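# Fold and contact review
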Amino acid sequence: MALVIDQRTPIIPVVQPKKYGVTEKKKEEIDSLSNQVVEAQNDVDKFQAIVDSLNTKLDTFDNQLTAADTSRATALSNKDLGDEVIANVKDLKENSKIAEDEVVRSNTEINTVATLVNTLINKLIFSAEIINKLSNLVIRKKALNPLISDELVTMVTTAGSDANNAVALTLTALNGVYAAQGNTLESTAAIKLESFQAAKLYEFLTGEQVKGRPYKVPNPALEALLDTAYEIAEKNYEVILIAVKDTTVQLNAAKLNLSKASIKLKSLQSGLAAANAAALSS
């Protein structure tokens, strides 16, 4: 019997639903991990660059801090030396003023002594002249009158000789006074000049005008310049020290971020390696 096929009924093939493959899912996981690894590597590179930059910055600040510390020490040494010089000059100024006052007083006293000695020698000369006249008179009288005592003649003769010696000694003393007066005048001029220069030097160093000195005080004084230089050096050191501390804090934070990013990167790299191995084995 022949098979009869109904041409009016079409044959419809059965279409099976597409099944989601395990391999494709693993590929998506691997791609996701790969992207995360790239991002993590970017983070590591970024934090490494920050750490490198901060290390360079800190090295620069450390060098500047060393230089600032040296500058500060030098400024302090200069300031201390200046203070020592000023103290010595102050002593010189005060001692010179005392010496000046003493020399002026001595000069005044020598002038007074010279006046007194001069008056005394005038009186001695006058007295010697009187005594010599009396001695001559007694000697003449003795020649005319033998009754005049020889002792009286000896006395007036001796008195005349003593008066002449006194005049001679007083003249020697007066010459000594005049010589001392000349030396004192020279000393007075020298000590006044020294006192003036010491006072002027003190004013140059400190800017403090000495009483009774009619010259202009320098401005600014060396003492003020040394103090200012030290203050600037100290301030500069403090500013750089703060910069070092701030940079150190930033560097430590950046190193911490780099460490975390590196750990995350290694973890993701391990996960990616494991995913690749699993995909190959399936």
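Residues numbered from 1 in each chain as written. Predicted model: local features only at pLDDT ≥ 70, side-chain atom pairs only at ≥ 80, totals over all residues. Heavy atoms only, no water.

For the rest of this paragraph, the subject is the overall build of the protein chain. When helices and strands are tallied, the protein chain shows three helices and zero strands. Reading the protein chain from its N end, one meets helices and strands in the order α-α-α. Going through the 282 residues of the protein chain one by one, you find that 24% of them count as buried. Counting contacts in the protein chain only where the partners sit at least 6 residues apart, residues at least 24 apart contribute 77% of the total. For the protein chain, the exposed area adds up to about 19700 Å²; of that, 61% sits on carbon and sulfur atoms. (Helix = DSSP H or I, 4+ residues; strand = E, 2+ residues; numbered from the N terminus. Buried < 20%, exposed > 50% of the residue type's maximum accessible area, 1.4 Å probe, protein only. Contact = heavy atoms within 4.5 Å. Areas by Shrake-Rupley, 256 points an atom, 1.4 Å probe, with all protein chains shown as cover.)

Moving on: the packing of aromatic side chains. Evaluated as defined, the whole model comprises zero aromatic pairs. The cationic tip of Lys46 hangs over the ring face of Phe47; the distance from NZ or CZ to the ring centre is 4.8 Å. A cation sits over an aromatic face here: Arg72 above Tyr237, 3.8 Å from the ring centre. (Phe/Tyr/Trp six-rings, centres within 6.5 Å; stacked < 30°, edge-to-face > 60°. Lys NZ or Arg CZ within 6 Å of the ring centre and 35° of its normal.)

Going through the model one piece at a time under the given rule, you end up with seven salt bridges. With its nearest N and O atoms 3.8 Å apart, the salt bridge here joins Lys79 to Asp227. With Lys79 in helix H1 (residues 22-144) and Asp227 in helix H3 (residues 222-281), this pair connects stretches of sequence that are 148 residues apart. Accessibility expressed as a relative area gives 24% for Asp227, which makes it partly exposed. Residues participating in the shared-partner salt-bridge network are Asp69, Arg72 and Glu234. (Salt bridge = Lys/Arg side-chain N within 4 Å of Asp/Glu carboxyl O.)

Right, let's talk about the environment of Ala198 for a bit. Among the secondary structure elements, Ala198 is positioned in helix H2 (residues 150-206). Sequence spacing of Ala198 and Asp91 is 107 residues, and the spatial spacing of their C-alpha atoms is 9.3 Å. Ignoring anything within four residues of it in the chain, the contact list for Ala198 reads Val89, Leu92, Lys93 and Ser96.

With respect to the helices, strands and loops of the structure, Ser96 is situated in helix H1. Accessibility expressed as a relative area gives 1% for Ser96, which makes it buried. In this structure Ser96 touches Ile191, Glu194, Ser195 and Ala198, once residues within four positions along its chain are discounted.

Let us look at a nonpolar patch on the surface. A cluster of nonpolar side chains, namely Leu201, Phe204, Leu222 and Leu225, defines an oily patch on the protein surface of about 340 Å² accessible area. Mapped onto the nonpolar patch, the elements with two or more residues apiece are H2 and H3. (Patch = residues over 30% accessible without salt bridge, like charges linked within 9 Å, V, L, I, M, F, W, Y side chains within 5 Å.)

Along the chain, the position of Phe204 falls in helix H2. Accessibility expressed as a relative area gives 44% for Phe204, which makes it partly exposed. Sequence separation of Phe204 and Pro220 is 16 residues, and the distance between their C-alpha atoms is 8.7 Å.

Attention now goes to the confidence of the model for the protein chain. Averaged over all residues, the pLDDT of the protein chain equals 81, while 87% of them reach at least 70. When pLDDT is averaged over each element of the protein chain, H3 comes out on top at 91 and H2 at the bottom at 77. Taken together, the stretch residues 1-7 has pLDDT below 50 and engages in zero contacts with residues farther than four places along the chain or on a different chain. Predicted confidence is poor over residues 9-20, with pLDDT under 50, and the contacts of this stretch with residues over four places away or in other chains come to two contacts. (pLDDT = per-residue confidence, 0-100.)

Within the secondary structure layout, Leu169 lies in helix H2. Each C-alpha atom of the pair Leu169 and Ile121 lies 9.4 Å from the other, and the pair is 48 residues apart in sequence.

The next point concerns the side chain of Arg72. If you trace the backbone, Arg72 turns up in helix H1. A polar atom in the side chain of Arg72 sits 3.5 Å from the side chain of Glu234. (Polar contact = N/O pair within 3.5 Å; in protein donor to acceptor, adjacent residues only side chain to side chain.)

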